[in-house]
Amino acid sequence: MAEAADSQGMTPSPARRWLRRTAALLVGAPLFACLLSATAVPAAHAAGDAATAQSVQVSLDSVAPTAPVKSDTLTISGTVTNTGTQAVTGAHVGLRVGSKISGRSAIDEAAGRKAYTPGVDPAELGDGPTVKFARLDAGISQDFTLSVPVSKLSLGEDGVYPLGVSLSGRTANHQSERVLGIQRTFLPWQPEGTDGKKSQLTFLWPLISSSHLTAQTGSDAQQTPVFADDSLARDIGPGGRLNQMVSLGKQLPVTWVIDPDLLATVDAMTRNYKVKVGDNLVNGTSQDVAKAWLSALESAVQGEKVVALPFADPDLASLAHHGRDVPGSLGHLQVATEVAQKTIDTVLHVTPLVDYSWPVDGAVDPSIVDVATSAGAHNVIARSDSLRDGSLSYAPTAVRPIGGGASAIVADAGLSTAFQGDLSMADNSTLAVQEFLAQTLAITLQDTDKQRSIVVAPQRMPSVSQAQTMATALHALDPQRWTQPLDLSAATTAKPDPLATTKVPGAGGYPDALRRQELPTDAFQDMKNTQGTLDRFKVILAAPDRVVTPFGNAINREMSTSWRGESDAAQNYRSGVQLYLDGLANQVHLIQKSTATMSGRSATIAVTVQNKLVQGVGHLVLRIQPKSPTRLQLGEDGAAVGEQPVKVDGDRSQSVKFTAIANANGPVTVTARLYTEDGTPYGDPMEFTVKVSEITPTVMLVIAGGVLLLVLAGIRMYTHRKRSTAREEPEGDDGPGKSNGSADADPGQPSDPTPDTGPESGAAPGPGEKVDH
């Protein structure tokens, strides 16, 4: 009835419309429910897939050999770990080898992929090796080893091949087998060596450390050094970072890059030294360790190229961006460069190369280049992510002219950063080695008609695991199938590529992350202040070298690259150097006196200079000046200022005397101060009061009258005694009686100390008093 009415164009009644809607809902409800169910099932499966896909972590602990030849058997060992929440059943580990990768960018892309990608990742070898696990519970790890003859890998022409190890299995949410985890690496393949020209590889091997020595030294003849802590002993000891760098480096074709401060510091450890422990100093005990490390290093570098960085490895970028605003800062770089060669020659008995500078991470701009070359180092070790060759399809030769007679030695950024991060895990170390080898082969294959010198400049202070990984990678290149070693000096003289960029990037291209780590301008102002104090102090010393050398080195350490990211520690170090130097300078001072009394018109005023140092001081002048020169004058000529030269032996005090003439009674304030011979004030001024009590004419008359009465009384007594004697002994008269008069004694000034005295107190000297500076 309803259908007929609609077909005839009749309008249905409200009751009929309600019946139709209800019927439609009743009929559609089951269908809608089915649709929801059908949609929900795939969604649930998708959620389950997301939870279980890549739920297994695959780690590759070793790949051997790292660069195989046809006759080799490739062995890969590692670990699979179920990181998901569901057990994996029917699992197996398999090997995947893909087609040759073309170019370095493709290597980077492949290394950056994490999850398994069907159609992109190669298929598992059908007849390849497998390791099966019936069940792998959540949180459980299992080791595996896969071995396969290289001849079965179907490797073709020379190049880099992707190598993957995957785990496939089932989970409760997904009963069909699927890839649950994969790890990728690379297999460099050039079994017979290149038919073209090999890449010449220069690898820098840095021996650099943070600052360990303080500016403080002992008062003995050897000037016993004081260490901030004993961490360096651990670094150079068995298994330590620097110990490993030497033991590994001596077996490698590398160019040594050494901070002379490290050598000087370890050399200081071979003799007596002190270590700060809280507020105390204890004897250092690692002399034998230091001697062994230096001996091993000296043996390792014989016949090898050694590059000497400026002393304490100054932060060239900080100097360029902030230090140039403070006068005198660049002078420290010149001194640090001059000291470098002498230090390495003395300690290691080799003549180093000093014509190189190495800005942090090889990042340069025009100001950094200017500073780096200002001290005579005309070769700047830069990096290719700073001097970019974006238009070239190959890696050019490292050296290139950058103007002004300077050259940039441009290290390859990819190879130089290949060994950063935590490489203490075997998986990370293995991947780093394989990618490094793959990249070096890819560089050689870019154009086998071009022979290029490639430089690798790794991080300045590699950890033990990083150093071991670098050594493994370099040993893998020992067969020299596509590279051959080259020292830095030879790389510097290579023929530059005419197509390589020679333009130094502007200041705006310097990385913000590096700029934020730089020493601020205030740091260089602190160094300037310390140098000023040192300059004023050294001119008065009998043996200035005992101060100039330790504090000059300390100022160099204040601008070390090692302070990057350690702003608080850097500030504390600078403050400590300044405070210690101030303390030494203050050991030469005037002893405070409060009041001197003049009981006549002329008297002697004494001022005492104390020297608590154990070496003598001189070239000083003591000046005193009354604030009322009309009331108190100095010297016979009545000068307004008194001046006397000062020279005091070590651990002594010297009294310096001035003649004063009073013109009026009452107190007069006198200022005393030490100066150097050129008129520069030394130390703080000292004020004291001279009280003048001149004798008046009235008092003189009274005294004279009293004296006259005494004389008259004496004459009367004498006459009376003489008459009495004459009456008693009329016959005997020996003449007038004789009296032994006494000469007048000058009581002196009770407040004046002796002209040259020893220590004025029996108390123990304060800290630093005995330091011979």
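Residues numbered from 1 in each chain as written. Predicted model: local features only at pLDDT ≥ 70, side-chain atom pairs only at ≥ 80, totals over all residues. Heavy atoms only, no water.

Asks: Quick one: what's the story with the packing of helix 6 (residues 260-269) against helix 9 (residues 329-348), residue by residue and with numbers?
Replies: Packed helices, taken two at a time, are described by their axes: the angle between them and the distance between them. Look at helix 6 against helix 9: their axes get within 9 Å of each other, and the N-to-C directions meet at 45 degrees. Viewed along their axes, helix 6 and helix 9 adopt a mutual orientation that is oblique. As helix 6 runs across helix 9, the sense of the crossing is left-handed. Within the contact between the two elements, helix 6 uses Pro260, Leu263, Ala264 and Asp267 and helix 9 uses Ala340, Thr343, Ile344, Val347 and Leu348. Per-class residue counts for the contact of helix 6 with helix 9 are 7 nonpolar, 1 polar and 1 charged. (Axes fitted to C-alpha atoms, helices over the stretch in contact; angles between N-to-C directions. Helix = DSSP H or I, 4+ residues; strand = E, 2+ residues; numbered from the N terminus. Parallel < 35°, antiparallel > 145°, perpendicular 65-115°, else oblique. Left-handed = near helix turned anticlockwise from the far one by under 90°. Contact = heavy atoms within 4.5 Å. Nonpolar A, V, L, I, M, F, W, Y, C, P; charged D, E, K, R; others polar.)

Asks: Quick rundown of the nonpolar core? Include the residues and the values.
Replies: Core analysis: the largest hydrophobic core is formed by 76 residues, its most contacted members being Phe537, Phe551, Leu622, Leu632 and Val690. At 7 residues, helix 18 (residues 567-585) tops the list of elements feeding residues into this core. Judged by nonpolar contacts, the second largest core, of 64 residues, contains Ile101, Ala110, Leu207 and Ala290. (Core = buried A, V, L, I, M, F, W, Y, C linked by side-chain atoms within 4.5 Å. Buried < 20%, exposed > 50% of the residue type's maximum accessible area, 1.4 Å probe, protein only.)

Asks: Run through the sheet that holds strand 12 (residues 274-277), naming residues and quoting values.
Replies: Across the sheet, 4 strands lie side by side as 9-10-12-13; this open sheet has mixed pairing. Single-partner strands in this sheet number two, and they are strand 9 (213-217) and strand 13 (280-283). Sheet twist, expressed as the average angle between the axes of neighbouring strands with direction ignored, equals 40 degrees. The sheet contact formed by strand 10 (residues 225-227) and strand 12 spans 2 bridges and is parallel. Its bridge partner lying in strand 12, phenylalanine 227 is registered against valine 275. (Pairing = 2+ DSSP bridges.)

Asks: Requested: an account of the side chain of threonine 430, with residues and values cited.
Replies: With respect to the secondary-structure elements, threonine 430 resides in helix 12 (residues 426-446). Here leucine 60 takes part through its backbone oxygen, which lies 3.4 Å from a polar atom of the side chain of threonine 430. Looking at threonine 430, its side chain comes within polar contact range of the main-chain oxygen of aspartate 61, at 2.8 Å. Excluding anything up to four places from it in sequence, threonine 430 contacts Leu60, Asp61, Ser62 and Val63. (Polar contact = N/O pair within 3.5 Å; in protein donor to acceptor, adjacent residues only side chain to side chain.)

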